[in-house]
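# Observations on chain architecture
For reference, the chains in residue letters:
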Amino acid sequence: MFAQLSLSGLDWLPILFGVGAAYIVFGIAGFGTALVAGPVLIHFMPLSRIIPLLVLLDFVAAFGNLLPSRRDVVRSELLRLLPFMAVGCTLGVVFLLQLKSDLLLLLMGLFVTAYAVYGLAMKVRPAKLSGIWAVPMGTVGGLFGALFGSGGFLYAIYLSARLDVKEQVRATQSALISCSTIVRLSLFLIAGVYADQSLLLLAVCLLPVMFVGLWVGRRLTNRLSREAFVRLVTWLVLASGLALIGRYLSA
């Protein structure tokens, strides 16, 4: 059965480490799995396979994060963002399945690097945003979510500038990520991506390390400053993004 995965014993080590680290970050920040796991997994499979794989795992993880905090969700902001997120997700799935893999490699490298630079440069809470910003933030967040596996940081930027209570920001963001995974999962199902049984088998094999990562992430939130840990991870993400760009240029 495992022969379907075409992975050697040595291949499993970085894959398990990358996915475990990604869900430690998810357990703390509520997003970012593709930003951490993507640069590792892309050495073993194309991006058009990585994103559907992480969507399956995110589907399980996101609901685990949402359930304890669902009462803090601000429904008005959730409903404002959802339609535009769905449009962006649809566009992202189309681009993901149609663009050449080498171009996606460069785009992912640029995206990861830009995200990391933004995260490191961000020193203060953004100014109050108008509700009209839900249009670009929701659309681009959905696009990046489907294309690169992580648009969550855009939702975080928007919600942090709209809501004053930290618990509401995190709960509403978890709800958005949950909805995003449902939309992307449905689109990938319609596109026939999950007809690949080896992809489903790989997701099942990675579920235990995902649960361990989530557990560690939640434990770290009680012992370590979330901001300090995410900042450390952002430096690692920046290095990964630059490595992807370098790999594209040297190809």
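Residues numbered from 1 in each chain as written. Predicted model: local features only at pLDDT ≥ 70, side-chain atom pairs only at ≥ 80, totals over all residues. Heavy atoms only, no water.

## Re the overall build of the protein
As a reminder, the rule being used: Every helix listed is a DSSP run of H or I at least four residues long, and every strand listed is a run of E at least two residues long, numbered separately from the N terminus. Exposure classes here rest on a 1.4 Å probe applied to the protein chains alone. A residue is buried below 20% of its type maximum, exposed above 50%, and partly exposed in between. Whether two residues are in contact is decided by their heavy atoms: any pair within 4.5 Å suffices. Here the open area of atoms and residues is found with the Shrake-Rupley method and a 1.4 Å probe, where only the protein chains shown may cover a residue. Positive charges come from Lys and Arg alone, negative charges from Asp and Glu alone, with His and the N- and C-terminal ends not counted. A charge is said to be at NZ when it belongs to Lys, at CZ for Arg, at CG for Asp and at CD for Glu.
Secondary structure assignment for the protein yields 10 helices and 0 strands. In terms of its C-alpha atoms, the protein occupies a principal-axis envelope of roughly 50 × 40 × 35 Å. Sorting the 251 residues of the protein into buried and exposed places 52% on the buried side. Taking contacts inside the protein between residues at least 6 apart in sequence as the whole, the part at least 24 apart equals 83%. Summed over all atoms, the accessible surface of the protein reaches about 11800 Å², with 69% contributed by carbon and sulfur. Charge separation in the protein, taken as the distance between the mean sites of 19 positive and 9 negative side-chain charges, equals 5 Å.

## Quick notes on helix H8 (residues 166-190)
Here is the rule we go by: The span you would expect from a helix comes to 1.5 Å times its residue count less one.
The first and last C-alpha atoms of H8 sit 36 Å apart over 25 residues, in line with the 36 Å expected at 1.5 Å per residue. Looking one or two residues beyond H8, the residue adopting positive phi is glycine 192, at roughly 80 degrees.

## What about the side chain of threonine 33?
The test is simple: By the criterion applied in these results, polar contacts are pairs of N or O atoms within 3.5 Å in which, for protein atoms, one can donate a hydrogen and the other can accept it, and in which residues neighboring in sequence qualify only through two side-chain atoms.
Assignment of secondary structure puts threonine 33 in helix H2 (residues 33-41). Side-chain polar atoms of threonine 33 contact the side chain of aspartate 58, separated by 3.1 Å. Contact partners of threonine 33, with chain neighbours within four places excluded, come to Ala22, Tyr23, Phe26, Gly38, Leu54, Asp58 and Gly149.

## Examining the pattern of salt bridges
Here is the rule: Salt bridge, as used here, is a side-chain nitrogen of Lys or Arg placed within 4 Å of a carboxyl oxygen of Asp or Glu.
As enumerated under the stated definition, the model contains 3 salt bridges in all. Measuring nitrogen to oxygen at the nearest pair gives 2.5 Å for the salt bridge that ties aspartate 196 to arginine 49. Placement of aspartate 196 in the loop between H8 and helix H9 (197-223) and of arginine 49 in helix H3 (residues 47-66) is noted, with a sequence separation of 147 residues between them. The residue arginine 80 makes a salt bridge to glutamate 77 at a minimum N-O spacing of 3.0 Å. Placement of both arginine 80 and glutamate 77 in helix H4 (residues 75-98) is noted, with a separation of 3 residues, approximately one turn of the helix. Classification of arginine 80 by relative accessible area gives partly exposed; the value is 32%. Taking the relative accessible area as the measure of exposure, glutamate 77 reaches 4% and is therefore buried. A single network of salt bridges, built from pairs that share partners, joins Glu77, Arg80 and Arg162.

## Topic: the nonpolar core
For clarity, the threshold we go by: Nonpolar cores were defined as sets of buried Ala, Val, Leu, Ile, Met, Phe, Trp, Tyr and Cys residues, with membership established by side-chain atoms within 4.5 Å.
Membership of the largest hydrophobic core comes to 80 residues, with the highest contact counts inside it found for Tyr23, Leu41, Leu47 and Leu206. In terms of residue count, H3 provides more of this core than any other element does, 10 residues in total. The residues touching leucine 47, leaving out its near neighbours within four places in the chain, are Ile42, Pro52, Leu96, Leu104, Met108, Leu147 and Phe148.

## Let's talk about the environment of arginine 231
If you trace the backbone, arginine 231 turns up in helix H10 (residues 226-250). In the structure, arginine 231 is positioned 117 residues away from alanine 114 in sequence and 14 Å away in space, judged by C-alpha atoms.

## Brief notes about the side chain of threonine 172
Summarising the element assignment, threonine 172 is placed in helix H8. Of note is the side chain of threonine 172, whose polar atom sits 3.0 Å from the backbone nitrogen of valine 74. There is a polar contact of 2.7 Å between the side chain of threonine 172 and the backbone oxygen of glutamine 168.

## Things to note about a nonpolar patch on the surface
This is how the line gets drawn: Only residues whose relative accessible area exceeds 30% and that form no salt bridge enter a patch; like-charged residues are grouped when within 9 Å of one another, and nonpolar side chains (Val, Leu, Ile, Met, Phe, Trp, Tyr) when within 5 Å.
Residues Val87, Leu91, Val94, Phe95, Leu99 and Leu103 make up a contiguous nonpolar surface patch of roughly 460 Å² in combined accessible area. With 4 residues, H4 is the largest single contributor of residues to the nonpolar patch. Mapped onto the secondary structure, leucine 99 falls in the loop between H4 and helix H5 (101-121).

## Topic: the packing of H4 against H8
Stated formally: What counts as an axis is a line fitted to C-alpha atoms, over the stretch in contact for a helix, and the angles between N-to-C directions run from 0 to 180 degrees. Less than a right angle of anticlockwise turn of the near helix away from the far helix marks a crossing as left-handed, whereas a clockwise turn marks it as right-handed.
At a minimum axis distance of 9 Å, the contact between H4 and H8 shows a crossing angle of 35 degrees. Crossing geometry of H4 relative to H8 is assigned as right-handed. Seen from H4, the contacting residues are Glu77, Leu78, Leu81, Leu82, Met85, Ala86, Cys89, Thr90, Val93 and Leu96; seen from H8, they are Thr172, Ala175, Leu176, Cys179, Ser180, Val183, Arg184, Leu187 and Phe188.

## Regarding the UniProt feature "transmembrane region" (unreviewed entry) in the protein
To be explicit about the condition: UniProt positions are given in the numbering used here, feature names are shortened, and annotations may be inferred rather than shown by experiment.
The UniProt record annotates "transmembrane region" (unreviewed entry) at residues 12-38, 50-67, 79-97, 104-121, 133-159, 171-193, 199-217 and 229-249. Across residues 12-38 one finds 89% helix and 0% strand; the C-alpha atoms that close the span lie 15 Å apart. Along residues 79-97 one finds 100% helix and 0% strand; the C-alpha atoms at either end are 28 Å apart.

## Concerning the packing of H4 against helix H7 (residues 152-160)
Each pair of packed helices gets described by two things: the angle between the helix axes and the distance between those axes. The condition is simple: Gly counts as polar in this scheme, as do all residues outside two lists: the nonpolar Ala, Val, Leu, Ile, Met, Phe, Trp, Tyr, Cys and Pro, and the charged Asp, Glu, Lys and Arg.
Two numbers describe how H4 lies on H7: the axes approach to 12 Å, and their chain directions differ by 145 degrees. For H4 against H7, the interelement crossing comes out right-handed. Residues Glu77, Arg80, Leu81 and Met85 of H4 form the contact with H7, whose own contacting residues are Tyr155, Tyr158 and Leu159. Across the contact of H4 with H7, the residue classes break down as 5 nonpolar, no polar and 2 charged.

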